[in-house]
Amino acid sequence: MWIGVVSLFPEMFEAMTQQGVVGRAIERGQIELGFWNPRDYATDKHRSVDDRPYGGGPGMLMKVDTLRGAIHDAKAQGQALTGRSPKVIYLSPQGRKLDQNGVETLASAGPLVVVAGRYEGIDERVVECDIDEEWSIGDYVLSGGELPAMVLIDAAARLIPGVLGHHDSAIEDSFSDGLLDCPHYTRPEVIDGKRVPDVLLSGHHGDIKRWRLKQSLGRTWQRRPDLLAGRELDAEQRRLLDEYIEEHAK
Ligand SMILES: Nc1nonc1C(=O)NCC1CCCCC1
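This report concerns the structure included in the present document. (Residues numbered from 1 in each chain as written. Predicted model: local features only at pLDDT ≥ 70, side-chain atom pairs only at ≥ 80, totals over all residues. Heavy atoms only, no water.)

**Brief notes about the pattern of salt bridges**
Where charged atoms from two side chains of opposite charge approach closely, those side chains can pair. Under the definition given, this model contains 15 salt bridges. For Lys87, the salt bridge identified is with Glu133, shortest N-O distance 2.8 Å. Of this pair, Lys87 sits in strand E5 (residues 87-97) while Glu133 sits in strand E7 (residues 133-136), and the two are 46 residues apart along the sequence. Lys87 gets classed as partly exposed once you look at its relative accessible area, which sits at 22%. When its relative accessible area of 24% is taken as the criterion, Glu133 is described as partly exposed. Beyond isolated ion pairs, a larger network of salt bridges with shared partners links Lys214, Glu236, Arg239, Glu243 and Glu247. (Salt bridge = Lys/Arg side-chain N within 4 Å of Asp/Glu carboxyl O. Helix = DSSP H or I, 4+ residues; strand = E, 2+ residues; numbered from the N terminus. Buried < 20%, exposed > 50% of the residue type's maximum accessible area, 1.4 Å probe, protein only.)

Shown next as structure tokens:
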């Protein structure tokens, strides 16, 4: 998967490109990241990358020509390397809320150019002319789009076949099948008097699988009932959830 990143602070991405799942995926060639810094397109002696907002008001906006130059070249490189025109994504609180379905959609959309905003944002005409989709990672305001860009890159990378060591771990993640994740346990068997659930020590893989599904359904029912609304449960899932509710009725 090819992702071009437009950012004034490309060095912020170094940690994720050299470590962990994403770092390994890059090393294996499963992901390719390219970086374009609008500052490299500055032509004045101060190498300006911000500009004053029309109408006054606090703060600055990203300078149009340097930003558009970076987006243009990132798109061109993505096209040249993949043969497909990249989808250009802008991350801001004004965007569509990103969830696992959105990640799956973006991860399967071919090459991407992700634009990380700074200052107070970007000119609306750049959004209209150069941005294909605006996405938000949540209803809060950060100081830049770099962390949201890293969130998107990480979540998308996990969905690329072969990136995760164990195929199931992607499916069993929270939200991968639309449910919250089940509880997990590792050594020691007892922590502060709290024991690992016996089923997990039983070696009965069918029982363990059913227990994990029951816990996922139950947790989702308790913590995020919105994720269950409109979801068709099969007979087994319905039975397990009813059992969980029975056991946890107040
Ligand atoms: N929340 C968010 N989801 O995606 N991005 C977010 C954000 O808070 N981004 C900050 C950026 C927004 C553009 C102007 C500079 C600050």
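Picking up where we left off.
**Structural notes on the site of the ligand**
Taken together, 19 residues lie near the ligand, and Tyr90, Ile137, Gly138, Tyr140 and Leu142 sit nearest. Ser136 has a polar side-chain atom sitting 3.5 Å from a nitrogen atom of the ligand. Computed on the free molecule, the ligand has an accessible area of 390 Å², of which 95% lies beneath the protein chains in the complex. Counting only elements with at least two residues in the shell around the ligand, the list comes to E5 and E7. Broken down by element, the residue count for the shell around the ligand peaks at four residues, all from E5. Within the shell around the ligand, the residues separate by chemical class into 10 nonpolar, seven polar and two charged. (Near = heavy atom within 4 Å. Polar contact = N/O pair within 3.5 Å; in protein donor to acceptor, adjacent residues only side chain to side chain. Areas by Shrake-Rupley, 256 points an atom, 1.4 Å probe, with all protein chains shown as cover. Nonpolar A, V, L, I, M, F, W, Y, C, P; charged D, E, K, R; others polar.)

**Digging into the nonpolar core**
Across soluble globular proteins, you tend to see nonpolar side chains buried next to one another. In terms of nonpolar packing, the biggest core is built from 26 residues, with Phe13, Ile31, Ile89, Leu106, Val114 and Ile153 touching the most fellow members. Looking at this core, the elements that each hand over two or more residues are strand E1 (2-6), helix H2 (20-27), E5, helix H4 (100-107), strand E6 (112-116) and helix H6 (146-157). When residues in this core are grouped by element, the largest group, seven residues, is from H6. Ignoring any residue separated from it by four or fewer positions in sequence, one finds Ile89 in contact with Leu106, Leu112, Val113, Val114, Val115, Ile131, Glu133, Trp135 and Leu152. Leu8, Ala70, Val88 and Val127 belong to the second-largest nonpolar core, a separate cluster that totals 18 residues. (Core = buried A, V, L, I, M, F, W, Y, C linked by side-chain atoms within 4.5 Å. Contact = heavy atoms within 4.5 Å.)

**Observations concerning the side chain of Gln237**
Inspection of the secondary structure assignment puts Gln237 in helix H11 (residues 235-248). With sequence-adjacent residues up to four places away left out, Gln237 is seen in contact with Leu213, Leu217, Arg231 and Glu232.

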